[in-house]
Amino acid sequence: MAQTVLHQAATRDKSDHGWLKSFHTFSFGMHYNPERINFGALRVLNDDWVSGGKGFGEHPHDNMEIISIPLEGSLQHEDSMENVAVIESGEIQVMSAGTGIYHKEFNKDKDQPVQFLQIWLFPNQRNVTPRYQQLRYDSSMKTNQFSQILSPNKDDDGVWIYQDAWFNIGKFDKTTQTDYQFKNKGDGLYVFVLKGEVKVEGQTLTERDGFGIWETENVRIEAAAGSQILLMEVPMNF
């Protein structure tokens, strides 16, 4: 029988630093909840809002797969590998922190906020050589179906990471039903609603709700018109 967990948007912890407003689906920084440490290999899911011209100063990471997905605005990235890039809505960025990396990121625009998801996954290999990858995905997306934007395979659609995980994103302008098939037995699927409304195995979710499901072979997803949804398949045991 399928196991599930519901994380409604209103139950997320919030950090408000004025220039930064961040909602934490899982424990992060000073916000600790022993029942919300992670969902399998999915460790962090932060919904960040950064005001114009502001951002995060240089800071270190190691042995973590760090994914950024801008939803509105432009995010500038600089790191110790000498990467300098601007990430915009419709793009995805990944850093494999591995043996260690320093980076900083800030709002490229002075006059409007940037809104983005910051997602961390535990890697399946430690102390790898740090790497950076950025990709635009929205130009190849088709409405009313899910498009893969991340996988463990270098030759697959989307960016790749050091973990057996698959991310898909979908935009829907009409009610659409999908049966999601797991890539690997024993994985879990975490559904995060970016906009609109969706039903997952009969559970209704609205904007910024999260829902995890595992111990099942497929998941029925019914997306309402006007919805946008992120699917994250991750190992539950790693």
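Residues numbered from 1 in each chain as written. Predicted model: local features only at pLDDT ≥ 70, side-chain atom pairs only at ≥ 80, totals over all residues. Heavy atoms only, no water.

Student: When you look at the environment of Glu88 in this model, what are you seeing that I'm missing?
Tutor: As for its placement among the helices and strands, Glu88 is situated in strand β8 (residues 84-88). A sequence separation of 121 residues divides Glu88 from Asp209, and the C-alpha atoms of the two residues are 23 Å apart. Every residue in contact with Glu88, bar those within four places of it in the chain, is listed here: Pro70, Gly73, Ser74 and Arg136. (Helix = DSSP H or I, 4+ residues; strand = E, 2+ residues; numbered from the N terminus. Contact = heavy atoms within 4.5 Å.)

Student: Explanation requested: the layout of surface pockets in the structure shown.
Tutor: Regions of empty space are outlined by a rolling probe, equal in size to a water molecule, passed over the atoms. Its volume calculated, the largest pocket comes out at about 280 Å³. Lining the largest pocket are 16 residues, with His17, Leu20, His24, Phe28 and Phe56 sitting closest to its centre. Counting residues per element, the ones that place at least two in the lining of the largest pocket are β3 (20-24), β4 (42-50), β5 (55-61) and β11 (114-121). Residue classes in the lining of the largest pocket are distributed as five nonpolar, ten polar and one charged. (1 Å grid on protein atoms, 1.4 Å probe; cavity = no way out; pocket = protein on both sides within 12 Å on 5 of 7 lines; lining within 4 Å. Points joined across faces, edges and corners; volume = space filled by probe spheres on them. Nonpolar A, V, L, I, M, F, W, Y, C, P; charged D, E, K, R; others polar.)

Student: Looking at this model, I keep getting lost on the sheet that holds strand β2 (residues 13-16). Mind explaining?
Tutor: What holds strands together in a sheet is hydrogen bonding between their backbones, with the strands either parallel or antiparallel. In spatial order, the strands read β2-β3-β4-β11-β6-β9-β12; together these seven strands make up an open sheet with antiparallel pairing. The open sheet is flanked by β2 and β12 (131-136), the only strands paired with a single partner. Each adjacent strand pair in this sheet contributes to an overall mean axis angle of 15°, direction not counted. Sheet analysis places β4 next to β11, joined by eight bridges and oriented antiparallel. (Pairing = 2+ DSSP bridges. Axes fitted to C-alpha atoms, helices over the stretch in contact; angles between N-to-C directions.)

Student: Can you walk me through the packing of aromatic side chains in this structure?
Tutor: The geometry of an aromatic ring pair is captured by two quantities: the separation of the ring centres and the angle between the planes. Applying the stated criterion to the full structure yields nine aromatic pairs. Where Trp19 meets Phe56, the ring centres are 5.5 Å apart and the plane angle is 75°; that geometry is what we call edge-to-face. One end of the pair, Trp19, is in the loop between β2 and β3; the other, Phe56, is in strand β5, with 37 residues separating them in the sequence. Ring geometry for Phe39 against Tyr190: centres 5.4 Å apart, planes inclined by 55°, an arrangement best described as tilted. With Phe39 in the loop between β3 and β4 and Tyr190 in strand β17 (residues 187-195), the pair connects residues that are 151 residues apart, well separated along the chain. The exposure classification of Phe39 matches that of Tyr190, with both residues buried. In this structure an aromatic cluster arises from ring pairing among Phe26, Phe39, Tyr190 and Trp214. (Phe/Tyr/Trp six-rings, centres within 6.5 Å; stacked < 30°, edge-to-face > 60°. Buried < 20%, exposed > 50% of the residue type's maximum accessible area, 1.4 Å probe, protein only.)

In short, shape yes, function no, at least from these values alone.
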